[in-house]
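Chain by chain, the residues run as shown.
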Amino acid sequence: MTRIDYLSPEFVESFPQPMTEGALYVSLMFNSCGHLCCCGCEREVITPLSPAQWSITYNGQDVSLTPSIGSWEIGCKSHYWIRNGSVQWSRQFTMAEIRLNQDRDQVAIENFDTPEPRQRTLWQRVRHLLNGD
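Residues numbered from 1 in each chain as written. Predicted model: local features only at pLDDT ≥ 70, side-chain atom pairs only at ≥ 80, totals over all residues. Heavy atoms only, no water.

Among the surface-exposed residues, F11, L28 and Y58 lie close enough to one another that they form a single nonpolar patch of about 320 Å² accessible area. Mapped onto the elements of the fold, L28 is located in the loop between β2 (23–27) and β3 (32–36). (Patch = residues over 30% accessible without salt bridge, like charges linked within 9 Å, V, L, I, M, F, W, Y side chains within 5 Å. Areas by Shrake-Rupley, 256 points an atom, 1.4 Å probe, with all protein chains shown as cover. Salt bridge = Lys/Arg side-chain N within 4 Å of Asp/Glu carboxyl O. Helix = DSSP H or I, 4+ residues; strand = E, 2+ residues; numbered from the N terminus.)

Let's shift gears to the sheet that holds β3. Sheets are built from strands paired through backbone hydrogen bonds, the pairs being either parallel or antiparallel. Across the sheet, 4 strands lie side by side as β1-β2-β3-β4; this open sheet has mixed pairing. Strands at the two margins of the open sheet, each flanked by one partner only, are β1 (8–11) and β4 (44–48). Averaged over all pairs of adjacent strands, the angle between their axes in this sheet comes to 20°, without regard to strand direction. (Pairing = 2+ DSSP bridges. Axes fitted to C-alpha atoms, helices over the stretch in contact; angles between N-to-C directions.)

Attention shifts here to unusual backbone geometry. P18 follows Q17 through a cis peptide bond whose omega is 0°. Counting through the fold element by element, P18 comes out in the loop between β1 and β2. In this structure, P67 follows T66 across a cis peptide bond, with omega equal to 0°. Along the chain, P67 turns up in strand β6 (residues 63–70). Unlike most non-glycine residues, K77 shows phi in positive territory, near 55°. Relative to the assigned elements, K77 resides in the loop between β6 and β7 (79–83).

Take the nonpolar core next. Membership of the largest hydrophobic core comes to 18 residues, with the highest contact counts inside it found for L7, L24, L65, I69, Y80 and I82. Taken together, the elements giving at least two residues each to this core come down to β2, β6 and β7. With 3 residues, β6 is the single largest residue contributor to this core. (Core = buried A, V, L, I, M, F, W, Y, C linked by side-chain atoms within 4.5 Å. Buried < 20%, exposed > 50% of the residue type's maximum accessible area, 1.4 Å probe, protein only.)

Below is the structure:
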């Protein structure tokens, strides 16, 4: 397996099958990005675009994705950032860290329907503490 160091953006309506190694597909129609895992395992990685999940920045040439990509659901457990097309590797998370991130992400997704998800989450916690439930 050969690691990928750079992802070239391709703006598409839907993702091609099969995906091409080294391409970062961006579908604004479906608010998502897709690419083959940068570790070289050739597994598809899909990143939904929303304020509760990932966001992209396009500088006219390259794309950045925020936050990092954690391939927790596939065997390789790769963890990297995509910044201006460049793949920047991060340390591999422990299973406890992965679960913590997954729980945090789930809360963000569940609270996405409010204009200010973090405030709602904080308010829910305060109400929970006051009510004792």
